[in-house]
Amino acid sequence: MAAKKGEHVVIDVCGRELRVSNPSKPYFPDAGLTKLDLVNYYLECEHAVVRHLRERPTVMKRWVDGVAGKPFFQKRVPDGAPEWLQTATVTFPSGRHARELVPNDAAHLVWGVNLGVIDWNPWPVRRRDLDHPDELRVDLDPGPDVAFAEVRQVALGVREVLDEHQLLGFPKTSGSRGIHIYVRVQPEQSFEEVRRAALALAREVERRMPGRATSRWWKEERKGVFIDYNQNARDRTVASAYSVRAVADARVSCPLEWDEVADVEPAELTLTTVPLRLRERGDPSASIDQHAGRLDGLLELAARDEREGLSDAPWPPHFRKQKGEPKRVQPSRARAADSDEDGRGAEQARGAEQAGGAEQADASETAS
């Protein structure tokens with residue numbers, strides 16, 4: 001259905017009148033879903049959505065032409081935005097700052113969707129303390145040839161390690177090919193320490209599931225499901241629970257009970273099915289704020305790894321080189337460079353030998 005140019009609707013939400021332009025614009029053309037369908041989804045699921053966004057600075061990924069178009073990230077709330085919008089000023093690894101949206105109610109959701117936001121990407125911190133995350137995020141990212149059944153099994157392996165370290169994980173589909181597991185933690189560690197804990201977790205799962213789970217940053221070294229520890233670095237965000245994802249069938253990043261993980265089919269959890277699921281079954285992640293754990297156990301595991309010689313793992317490319325971080329170069333290129341250096345070294349040695357022999361010969365000839 002083509003949108004009529006200039007059309008709009010006005011929605012009364014949270015005591016505010018919000019204008020939604022081009023409500024009939026196709027946002028998910030293959031599924032026959034419009035911009036207004038997306039607005040209505042977020043209105044119906046408001047409480048579950050906001051539970052995972054409340055007081056969190058959030059990046060806006062804008063799809064102004066729906067999923068058929070190209071998105072762009074907008075970290076800063078635009079000039080001229082309504083005065084009632086709640087925001088937080090965050091600091092990026094570069095030292096630059098931005099005033100980001102804090103979507104604390106349905107009015108914020110509708111305002112964002114009107115700008116083209118489809119999924120919500122919050123920081124793992126609250127506005128009251130922007131330097132100490134209260135959420136450790138486990139992002140399971142399968143390789144291109146890895147079946148979703150393997151993702152399910154690795155998720156269960158992650159749960160086992162979390163349980164052993166007195167942490168409660170809350171799983172959800174990613175809305176694409178992966179699974180996320182969120183762990184509420186006490187906001188007492190820096191981003192660096194939370195990432196360190198996540199790396200230790202990833203390495204422990206990798207040890208227990210060799211060839212099926214991996215903590216290897218470089219794609220050429222990965223086998224199985226990548227546990228992306230770097231999603232816990234400062235300024236990295238992950239699509240929040242109950243976010244609709246920008247995929248053709250409008251899948252939702254949907255929280256699960258642990259007994260659902262082994263059989264979940266992400267394609268069944270969409271913009272059209274999740275509201276009914278919420279009404280009938282409730283939100284499996286509703287109690288997440290009541291289960292804030294401590295990272296002491298995982299940090300002890302990290303310290304053990306370090307004592308046994310495991311150095312830090314690579315950071316995202318826009319971060320400054322970190323202490324203890326290995327070379328930021330693709331391993332195959334590093335090997336090629338080392339080989340070239342070895343080759344040049346051998347050639348130089350041969351040249352030195354030849355030069356030395358010539359010098360000795362010259363000396364002998366002179367002496368005779």
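Residues numbered from 1 in each chain as written. Predicted model: local features only at pLDDT ≥ 70, side-chain atom pairs only at ≥ 80, totals over all residues. Heavy atoms only, no water.

A. Highlighting the overall build of the chain. Helix and strand content of the chain: nine helices and 14 strands. By sequence separation, contacts in the chain at least 24 residues apart represent 66% of the contacts at least 6 residues apart. Within the structure as shown, the chain displays about 17700 Å² of accessible surface, and the carbon and sulfur contribution to it stands at 47%. (Helix = DSSP H or I, 4+ residues; strand = E, 2+ residues; numbered from the N terminus. Contact = heavy atoms within 4.5 Å. Areas by Shrake-Rupley, 256 points an atom, 1.4 Å probe, with all protein chains shown as cover.)

B. Examining the nonpolar core more closely. The biggest cluster of nonpolar side chains holds 83 residues, and the ones touching the most others in it are Leu136, Leu140, Tyr242 and Val244. Per-element accounting of this core gives the leading share, eight residues, to helix H5 (residues 191–208). Those residues within four positions of Leu140 in sequence are excluded, and the remaining contacts are Val151, Val154, Ala155, Val158, Gly178, Ile179, Ile181, Val225, Phe226 and Ile227. Counting eight residues, the second largest nonpolar core, distinct from the first, contains Val90, Phe92, Leu130 and Phe191. (Core = buried A, V, L, I, M, F, W, Y, C linked by side-chain atoms within 4.5 Å. Buried < 20%, exposed > 50% of the residue type's maximum accessible area, 1.4 Å probe, protein only.)

C. Representation of the packing of H5 against helix H8 (residues 296–307). Two elements in contact, H5 and H8, have axes whose closest approach is 8 Å; the angle formed by their N-to-C orientations is 70°. By the criterion of interaxial angle, the relationship of H5 to H8 is roughly perpendicular. Counted together, Glu193, Arg196, Ala197, Ala200, Leu201, Arg203, Glu204 and Arg207 of H5 and Leu298, Leu299, Leu301, Ala302, Ala303, Arg304, Asp305 and Glu306 of H8 form the full contact between these two elements. For the contact of H5 with H8, the residue count by class is eight nonpolar, no polar and eight charged. (Axes fitted to C-alpha atoms, helices over the stretch in contact; angles between N-to-C directions. Parallel < 35°, antiparallel > 145°, perpendicular 65-115°, else oblique. Nonpolar A, V, L, I, M, F, W, Y, C, P; charged D, E, K, R; others polar.)

D. Region of the structure containing the sheet that holds strand E14 (residues 225–227). As summarised here, the arrangement of the five strands in space is E11-E12-E10-E14-E13, forming an open sheet in which the pairing is mixed. The sheet is open, and its two borders are formed by strand E11 (169–173) and strand E13 (213–214), each paired with just one other strand. Bridge analysis of strand E10 (residues 135–142) against strand E12 (residues 179–184) gives six bridges, and the strand direction is antiparallel. In the strand pairing of E12, Leu140 is matched with Ile179. In the packing of H5 onto the sheet, the strands contacted are E10, E13 and E14, and the crossing angle to E10 comes to about 40°. (Pairing = 2+ DSSP bridges.)

E. Summary view of the pairing of strand E8 (residues 97–101). Bridge count for strand E7 (residues 87–91) against E8 is five bridges, and the pairing is antiparallel. By the bridge assignment for E8, Val90 is matched with Ala98. Connecting E7 to the antiparallel partner E8 that follows it, the hairpin turn spans five residues, and Gly95 within it adopts a positive phi of roughly 95°.

F. Quick look at helix H3 (residues 106–114). Burial analysis of H3 places eight of its nine residues in the buried class, which makes it a mostly covered element. Taken together, the buried positions of H3 are Ala106, Ala107, His108, Leu109, Val110, Trp111, Gly112 and Val113. Its side-chain oxygen at 3.0 Å from the backbone nitrogen of Ala107, Asp105 defines the N-terminal cap of H3. Once H3 ends, the next one or two residues include Gly116, with phi positive near 110°. (Polar contact = N/O pair within 3.5 Å; in protein donor to acceptor, adjacent residues only side chain to side chain.)

G. Representation of the side chain of Asn104 within the structure. Tracing the backbone shows Asn104 in the loop between E8 and H3. For Asn104, a relative accessible area of 13% translates into the label buried. Polar side-chain contacts of Asn104 include one of 2.6 Å to the side chain of Glu55. Side chain to side chain, Asn104 and Gln86 meet in a polar contact 2.9 Å long.

H. Seen up close, the environment of Arg177. Locating Arg177 in the fold gives a position in the loop between E11 and E12. Arg177 sits 26 residues away from Val151 along the chain, and the two C-alpha atoms are 8.4 Å apart. Leave out the neighbours within four places in its chain, and Arg177 touches Pro142, Gly143, Pro144, Val146, Phe148 and Val151. At 3.2 Å, the side chain of Arg177 forms a polar contact with the backbone oxygen of Gly143. A polar contact of 3.0 Å, which involves the side chain of Arg177, links it to the backbone oxygen of Val146.

I. Molecular detail of the pattern of salt bridges. Applying the stated criterion across every chain, the model contains 32 salt bridges. In this structure, Asp235 and Lys75 form a salt bridge, with 3.2 Å as the shortest nitrogen-oxygen distance. Placement of Asp235 in the loop between E14 and helix H6 (258–261) and of Lys75 in the loop between strand E6 (72–74) and E7 is noted, with a sequence separation of 160 residues between them. Put simply, Asp289 and Arg184 hold a salt bridge, and the shortest N to O gap is 2.9 Å. Here Asp289, found in the loop between helix H7 (274–281) and H8, pairs with Arg184, found in strand E12; they are 105 residues apart in sequence, far enough to count as distant. Given a relative accessible area of 3%, Arg184 falls into the buried group. What emerges from the salt-bridge pattern is a single network uniting Arg56, Arg126, Asp134, Glu135, Arg137, Arg184 and Asp289. (Salt bridge = Lys/Arg side-chain N within 4 Å of Asp/Glu carboxyl O.)

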